[in-house]
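# Examining the three-dimensional arrangement
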Amino acid sequence: MEIRNDSQKSKTQKRKPLHNIYDKEALRKRLDSEAFRRITLSFYRYVILEDVKSLRDRLYEEWESLGVLGRIYVAREGINAQISVPSPNMELFRANLESRAVFKNMPFKIAVEDDGKSFLKLDLKVRKKIVADGLDDDSFDVTNVGNHLGAEEFNRHLEDKNTIVVDVRNHYESEIGHFENALLPQSDTFREELRLLLELLQGKEDNKILMYCTGGIRCEKASAWLKHHGYKDVNQLHGGIISYAHEVAEKGLESKFKGKNFVFDGRLQETIGEEIISTCHQCGSKSDRHVNCANPGCHILFIQCETCTAAFDGCCTEECKSVLHLPADKQKEIRKGKANENRFFTKSRIRPKVSDLYRIQKGSESA
Ligand SMILES: [Zn+2]
Ligand SMILES: [Zn+2]
């Protein structure tokens, strides 16, 4: 059954704008005052979507009325969504997806740890691609993907001597958590990752390749890309680390994933195993606390232990710390002059929106 937009429209003659109109403070207040629980989940599908622009507007209208928050990309090649849904509206949201043939039977990845504060607003964008991969999709068969393995099968294949397990995520993701013995390409972006994959796996065309990512979407493209380049036995973790963690818990399997799962929302990470496998970028002690430098002119993402957070006032360097204590207008001046000069620990930088969210979340935690 299609949700009727026309009836909604006639009720309110003036159309509501199809984008967020509130500032961050207002959004945060709204989220904090909610009396219901939210469920954080993600889903994606590679499927040809027609008339993407108007689909986007209809989805925005319908999902906004259901109180959905999060980040969704729609493109001619499909949909990629990371959202939170008010738990009383879960059924309605499911029904809304079912109302469109292209979104039927959509598998959800429900967040492992969830405080419901993962997103502040609904952000629904039309993109050329649902994951920026830099590939020319007409140059290879994107539908020729690898075998999808569940947690049990994945574990079994890990034991195989001929197996090479490779992390398809970026370095700041695999740094805090990854599968035992996995190759960890040190990429900043998925685009770069795809290039590094071919480099690292050169001459391994006959090996069994096991790949994994957060929720499975990147493996869809990366596995087809490897097969196109002559890799014969390409396998991918179905539903990514998120589904793996659920399945391991449900079936009481051994988790071969060590550390935390980096996620792209306000939470930044989910606990999968108890171990901390990474170290503070400043003092070298064990830590998996991802933070953004407190100096807004830097804002770099890095790992900082609590002791160093206190010592550096949340900054990545003494330089940033001294900038942080300057008057606001002075700081602004510096930002204009030499943007991003203080990126010492890594050249990568997460999308600012994610970092903004994290700062907000950090504020709410200490309150
Ligand atoms: Zn430290
Ligand atoms: Zn800094």
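In the annotation of an unreviewed UniProt entry, the protein chain is listed under the name tRNA uridine(34) hydroxylase and assigned to Leptospira gomenensis. Note on the protein chain: under the UniProt heading Catalytic activity (unreviewed entry), the record states "uridine(34) in tRNA + AH2 + O2 = 5-hydroxyuridine(34) in tRNA + A + H2O". According to the UniProt record, the Sequence similarities (unreviewed entry) comment for the protein chain is "Belongs to the TrhO family."

In this section: the coordination of the zinc ion (ligand 1). In the first shell of the zinc ion (ligand 1), the protein supplies Cys280 (SG), Cys283 (SG), Cys305 (SG) and Cys308 (SG), at 2.3 Å from the metal. Of note is the zinc ion (ligand 1), whose four donor atoms meet at the metal with angles of 104 to 116 degrees in an arrangement that counts as tetrahedral.

This part is about the confidence of the model for the protein chain. Of the residues in the protein chain, 87% reach a pLDDT of 70 or more, and the chain-wide mean stands at 86. Note that residues 339-367 has pLDDT below 50 and, in this model, 64 contacts with residues that lie over four places away or in other chains.

With that settled, the discussion passes to the coordination of the zinc ion (ligand 2). Taken together, Cys293 (SG), Cys298 (SG), Cys316 (SG) and Cys320 (SG) make up the full set of protein donors to the zinc ion (ligand 2), lying 2.3 to 2.4 Å away. What the four donor atoms of the zinc ion (ligand 2) show is an angle range of 106 to 115 degrees at the metal, which sorts the shape as tetrahedral. Linear spacing of the donor residues for the zinc ion (ligand 2) on their chain is C-x4-C-x17-C-x3-C. Taken as a pair, Cys293 in the loop between strand E13 (290-292) and strand E14 (301-303) and Cys320 in helix H11 (residues 318-324) lie far apart in primary sequence, 27 residues in all. In this structure, Cys293 and Cys320 share a single accessibility class: buried.

Attention now goes to the nonpolar core. It is characteristic of soluble globular proteins that their nonpolar side chains tend to be buried jointly. Residues Phe43, Trp63, Ile72, Ile79, Ile83 and Phe93 are the most contacted members of the largest nonpolar core, which totals 26 residues. Contributions of two or more residues to this core are made by strand E1 (38-46), helix H3 (52-65), strand E2 (69-75), strand E3 (78-86), helix H4 (90-98) and strand E5 (122-126). Among residues more than four places away in sequence, those in contact with Phe43 are Trp63, Ile79, Asn80, Ala81, Ile83, Phe93, Leu97, Met106, Pro107 and Phe108. One finds Phe140, Leu197, Cys219 and Leu226 within the second-largest nonpolar core, a separate group that totals 25 residues.

A word on the sheet that holds strand E6 (residues 147-149). Judged by pairing direction, the sheet is parallel, and its four strands sit side by side in the order E6-E10-E9-E7 without closing on themselves. Of all the strands in the sheet, just E6 and strand E7 (163-167) have a single pairing partner and so form its edges. Averaged over all pairs of adjacent strands, the angle between strand axes in this sheet comes to 30 degrees, irrespective of strand direction. Of the pairings in the sheet, the one linking E6 to strand E10 (residues 233-237) comprises three bridges and is parallel in character. Its bridge partner being in E10, Asn147 is matched across the sheet by Asn235.

Parameters at a glance
Note that residues are indexed from 1 along each chain, following the sequence as it is written. Think of it this way: whatever chain is written first is A, whatever ligand is written first is 1, and the rest follow in order. Whole-chain, interface and lining totals are the exception, using all residues; otherwise, since this is a predicted model, local features are given only for residues with pLDDT of at least 70 and side-chain atom pairs are given and counted only at 80 or more. Water and hydrogen atoms were dropped before computing side-chain values, which therefore reflect all heavy atoms in the structure. UniProt positions are given in the numbering used here, feature names are shortened, and annotations may be inferred rather than shown by experiment. Note on donors: an N, O or S atom is included if it sits within 2.8 Å of the metal, or within 3.2 Å for Na, K and Ca, and water is never included, so sites can look incomplete. Here the metal geometry follows the donor angles, with tetrahedral for four donors whose angles all fall between 85 and 135 degrees, square planar for four and octahedral for six when opposite donors are more than 155 degrees apart and every other angle is between 65 and 115, and irregular for all the rest. Looking at any residue, its pLDDT shows the predictor's confidence there, from 0 to 100. Two residues qualify as a contact provided that any one of their heavy atoms is within 4.5 Å of a heavy atom in the partner residue. Only DSSP runs of H or I covering at least 4 residues are called helices, and only runs of E covering at least 2 are called strands; the numbering of each starts at the N terminus. Burial classes follow relative accessibility: with a 1.4 Å probe on protein chains only, a residue under 20% of its type's maximum area counts as buried, one over 50% as exposed, and anything between as partly exposed. We define a nonpolar core as any set of buried Ala, Val, Leu, Ile, Met, Phe, Trp, Tyr and Cys residues linked to one another through side-chain atoms lying within 4.5 Å. A strand pair is defined by DSSP finding two or more bridges across the two strands. Only the stretch in contact is used when fitting a helix axis, every axis being a line fitted to C-alpha atoms; angles between N-to-C directions are given from 0 to 180 degrees.

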